[in-house]
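# Results of the structural survey
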Amino acid sequence: MNRHALIFVLSCIAIVPARAGKPHAKYQPPAANQPLTAGALPSSAFQPFLDARLNIILAPLDAPGLKHPEAVADLRSAIADGMSKAPAAQQPAFQAAITLCNALSQAVDERQRAVASLKGSQRDSGYPGTKHVMAREAAQNNAFFANTQKAQWTQRSAQLRQQIEQLYAKARDIERQVSAQPGT
């Protein structure tokens, strides 16, 4: 082995242990529990949250969902804290944001219930082997129920998305009105 190849191999060995304990760098959405800066309106926290998490909250049942559902509660807490410090003129904007947080919490809860129901439908039929007629029938029933659950969630998630987008648009309108008021 020539000298350059040996240096290359040794440098690779030196680098690998340092990275071996670290998982592959994945995109991490911004933390939800960041306090609002003084004078900031709720959209400054909502826009990044929705950009990073709405598709995950409303993901199909067979896809990974929101890993930390408390992120919505953290966001609500940050907004409630900001509301307590905000002037009276900005209170409607914060109240609209809390309503939006409640809708997000409802969506997270509904998806968790749907996932639990889907997992329940995929339980073992209790019959040994797949050759048994009753086992095949149970498997077909499970598959039918699972497909029905997935289709119902797809429909419901579209409704929830529309509701959340409407609430967000309403919150942004309220913020624009609050910002346009003199003395704000």
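Let me begin by describing the structure that accompanies this report.

## Quick word on the packing of helix H2 (residues 43-57) against helix H3 (residues 70-85)
The interhelical angle for the contact between H2 and H3, taken along N-to-C directions, is 165 degrees, at an axis separation of 12 Å. The angle between H2 and H3 places the two elements in the roughly antiparallel class. Here the hand of the crossing between H2 and H3 comes out left-handed. Of the residues in H3, those in contact with Ala 45, Phe 46, Phe 49, Arg 53 and Ile 57 of H2 are Ala 71, Val 72, Leu 75 and Ile 79. Split by residue class, the contact of H2 with H3 holds eight nonpolar, no polar and one charged.

## Side note on the nonpolar core
Among the nonpolar cores identified, the biggest contains 40 residues, and Phe 46, Phe 49, Leu 50, Ile 57, Ile 79, Leu 104 and Ile 164 are the most heavily contacted of them. Elements with a contribution of two residues or more to this core: H2, H3, helix H4 (91-121) and helix H5 (133-180). No other element matches H4, which puts 14 residues into this core.

## A closer look at the environment of Ile 56
In this structure, Ile 56 sits in helix H2. Look at Ile 56 and you get partly exposed, because its relative accessible area is 30%. Apart from residues lying up to four places away in sequence, Ile 56 is in contact with Pro 64, Gly 65, Leu 66 and Arg 111.

## Considering the side chain of Gln 149
Within the secondary structure layout, Gln 149 lies in helix H5. A polar side-chain atom of Gln 149 sits 3.0 Å from a polar atom in the side chain of Ser 117. When residues no more than four places from it in sequence are discounted, the contact partners of Gln 149 are Leu 61, Ala 114, Ser 117 and Leu 118.

So, how was this worked out
Residues numbered from 1 in each chain as written. Predicted model: local features only at pLDDT ≥ 70, side-chain atom pairs only at ≥ 80, totals over all residues. Heavy atoms only, no water. Axes fitted to C-alpha atoms, helices over the stretch in contact; angles between N-to-C directions. Helix = DSSP H or I, 4+ residues; strand = E, 2+ residues; numbered from the N terminus. Parallel < 35°, antiparallel > 145°, perpendicular 65-115°, else oblique. Left-handed = near helix turned anticlockwise from the far one by under 90°. Contact = heavy atoms within 4.5 Å. Nonpolar A, V, L, I, M, F, W, Y, C, P; charged D, E, K, R; others polar. Core = buried A, V, L, I, M, F, W, Y, C linked by side-chain atoms within 4.5 Å. Buried < 20%, exposed > 50% of the residue type's maximum accessible area, 1.4 Å probe, protein only. Polar contact = N/O pair within 3.5 Å; in protein donor to acceptor, adjacent residues only side chain to side chain.

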